[in-house]
Amino acid sequence: MQKEVIGNAVLYLGDCLEILPTLDPVDAVVTDPPYGMEFQSNHRKEQHEKIANDDNGDIFIYACSLPVKHSRYVFCRWDGLQIAPLPKSCITWVKNNWSMGDLDHEHGRQTEVALFWPGPEHDFPEKRPSDVVNAARTGNEYHPTEKPIYLMEQFVKWTRGEVLDPFMGSGTTGVACMNLGRKFIGIEIEPKYFDIACERIENAQRQQRLFA
């Protein structure tokens with residue numbers, strides 16, 4: 001296990017199944033775990049590697065069950081609802097493009113969803129939010145399932161306290177936290193993406209110091 005402390009962020013390189021039991025209880029979880037669908041894009045000139053642990057739905061269920069004080073938001077495909085614990089809300093992310101999928105027998109998917117569970121200390125920090133967020137998708141420059149920073153900022157704003165992302169990927173949740181002045185814990189199992197996350201989060205911290 002490798003641990004890096006970058007300002008308000010504490011980042012771990014390793015398996016979250018081994019690291020999480022060693023950490024104190026967290027306030028909030030905002031994460032995009034492997035969905036158990038063995039995703040690999042076939043529409044890029046430069047192919048990303050397959051996502052670690054994306055052949056096992058148990059990891060997704062584990063993410064949906066992490067204990068929190070305030071709230072838990074977990075991204076998933078629509079069919080993840082079949083195996084996830086019943087959420088309190090289902091938030092829909094509307095993108096500016098359509099995925100490929102089954103071109104003959106499936107409607108073009110322009111959305112992804114995130115499941116929400118409140119913790120025992122939950123409240124909405126601001127007014128009650130909508131369950132729809134419009135955000136242009138990224139070009140997946142850093143990660144094959146990269147989320148927009150703006151999108152993750154909206155989710156972070158709905159939480160309180162320190163935010164945990166046990167499937168950090170390229171660190172977008174952490175960047176969102178740094179932009180909003182929030183504490184962040186991130187865990188990533190792939191060294192390549194861990195290094196990218198460290199660099200992105202450090203750059204976000206530097207930008208915040210410049211503006212301050």
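Look up: the structure comes first, before these words.
Structure report, in brief. These figures come from a predicted structure and were not determined experimentally. Along each chain, residue indices are assigned from 1 in the same order as the chain's sequence is written. Only residues with pLDDT of 70 or above have their local features reported here, since the model is predicted, and side-chain atom pairs are shown and tallied only from 80 upward, although totals for entire chains, interfaces and linings are computed over all residues. Values reported for side chains reflect all heavy atoms of the structure, with hydrogen atoms and water molecules removed beforehand.

### A word on the environment of Cys16
Part 1: Helix numbering and strand numbering both begin at the N terminus, where a helix is a DSSP run of H or I of at least 4 residues and a strand a DSSP run of E of at least 2. In this structure, Cys16 sits in helix 1 (residues 16-19).
Part 2: Here the alpha-carbon distance between Cys16 and Ile189, two residues 173 residues apart in the chain, equals 7.4 Å.
Part 3: Contact criterion: two residues are considered in contact whenever any of their non-hydrogen atoms come within 4.5 Å of each other. Once residues lying within four places of it in the same chain are set aside, the contact partners of Cys16 are Pro21, Tyr62, Pro166, Phe167 and Ile187.

### Considerations on the layout of surface pockets
Part 1: Two kinds of site are reported from a 1 Å grid over the protein atoms alone, namely cavities, where a 1.4 Å probe fits but cannot get out, and pockets, open sets with protein on both sides within 12 Å along at least five of seven lines, and residues are called lining when an atom falls within 4 Å of a point. Grid points are joined across faces, edges and corners, and a volume is the space filled by probe spheres set on the points. For the second largest pocket, the calculated volume is near 260 Å³.
Part 2: When contributions to the lining of the second largest pocket are tallied by element, the ones reaching two or more residues are strand 7 (132-134) and helix 3 (149-157).
Part 3: Gly counts as polar in this scheme, as do all residues outside two lists: the nonpolar Ala, Val, Leu, Ile, Met, Phe, Trp, Tyr, Cys and Pro, and the charged Asp, Glu, Lys and Arg. Broken down by class, the residue content of the lining of the second largest pocket amounts to seven nonpolar, three polar and four charged.

### Remarks on the pattern of salt bridges
Part 1: Here, a salt bridge means any side-chain nitrogen of Lys or Arg that lies within 4 Å of a carboxyl oxygen of Asp or Glu. In total, this model carries seven salt bridges according to the counting rule given.
Part 2: The shortest N-O distance in the salt bridge between Arg77 and Asp79 comes to 2.5 Å.
Part 3: A simple rule labels every residue: compare its accessible area, found with a 1.4 Å probe on the protein chains alone, to the largest value its type can have, and call it buried under 20%, exposed over 50%, or partly exposed in between. On the accessibility criterion, Arg77 (25% relative accessible area) is partly exposed.
Part 4: Overlapping salt bridges, with partners in common, bring together Asp32, Lys95, Glu112 and Lys147 in one network.

### Comments concerning the packing of aromatic side chains
Part 1: In this scheme Phe, Tyr and Trp rings, the latter by its six-membered ring, pair at centre separations within 6.5 Å, and the angle between planes marks the pair as stacked below 30 degrees, edge-to-face above 60, and tilted otherwise. Within this structure, the stated rule accounts for six aromatic pairs.
Part 2: A ring pair is formed by Tyr73 and Phe155, whose centres lie 5.4 Å apart and whose planes are at 85°; its orientation type is edge-to-face. A residue pair is termed long-range when its members are at least 10 positions apart, and Tyr73 in strand 4 (residues 68-76) and Phe155 in helix 3 qualify at 82 residues.
Part 3: You can call Phe155 buried: its relative accessible area is 1%.
Part 4: When the centroid spacing of 5.0 Å and the interplanar angle of 50° are considered together, the rings of Phe75 and Phe155 count as tilted. Note that Phe75 is positioned in strand 4 and Phe155 in helix 3, a separation of 80 residues in sequence. Taken as a pair, Phe75 and Phe155 share a single burial class, namely buried.
Part 5: One aromatic cluster in this structure is built from Tyr73, Phe75, Phe116, Phe124, Phe155 and Trp158.

### Here's the deal with the pairing of strand 6 (residues 111-118)
Part 1: Of all eight residues in strand 6, six are buried, a share of seventy percent or more.
Part 2: Whether two strands pair depends on DSSP finding at least two bridges between them. Taken together, the six bridges between strand 4 and strand 6 define a ladder with antiparallel strand orientation. Considered in strand 6, the bridge of Arg72 is made with Trp117.
Part 3: Where strand 5 (residues 89-94) meets strand 6, six bridges bridge the pair, whose relative direction is antiparallel. Across the sheet, the residue bridging to Ile91 is Ala114, located in strand 6.

### Structural notes on the sheet that holds strand 7
Part 1: Read from one edge of the open sheet, nine strands run 1-2-9-8-3-4-6-5-7, paired in mixed fashion. Only two strands of the sheet have a single partner each, and these edge strands are strand 1 (2-6) and strand 7. Strand after strand, the sheet turns through a mean of 20° between neighbouring axes, direction not considered.
Part 2: As paired elements, strand 3 (residues 26-31) and strand 4 share five bridges and run parallel to each other. What sits directly across from Ala28, in strand 4, is Ser71.
Part 3: To define axes, lines are fitted to C-alpha atoms, for helices over the stretch in contact only, and angles between the resulting N-to-C directions are given on a 0 to 180 degree scale. In the packing of helix 2 (residues 57-64) onto the sheet, the strands contacted are strand 3, strand 4 and strand 6, and the crossing angle to strand 4 comes to about 150°.
Part 4: Of the strands in this sheet, strand 3, strand 4, strand 5, strand 6, strand 7 and strand 8 (163-165) are in contact with helix 3, which crosses strand 4 at around 150°.

### Regarding helix 2
Residues spaced three or four apart along an α-helix point in a common direction, a consequence of the helix completing one turn every 3.6 residues.
Part 1: Those residues of helix 2 that fall on the buried side of the exposure criterion are Ile59, Phe60, Ala63 and Cys64. Buried residues of helix 2, seen end-on, are gathered within an arc of 140° and therefore sit on one face of the element.
Part 2: Buried residues along helix 2 sit in contact with helix 1, strand 3, strand 4 and strand 6. The arc in question is the one spanned by the directions pointing from the helix axis to the C-beta atoms.

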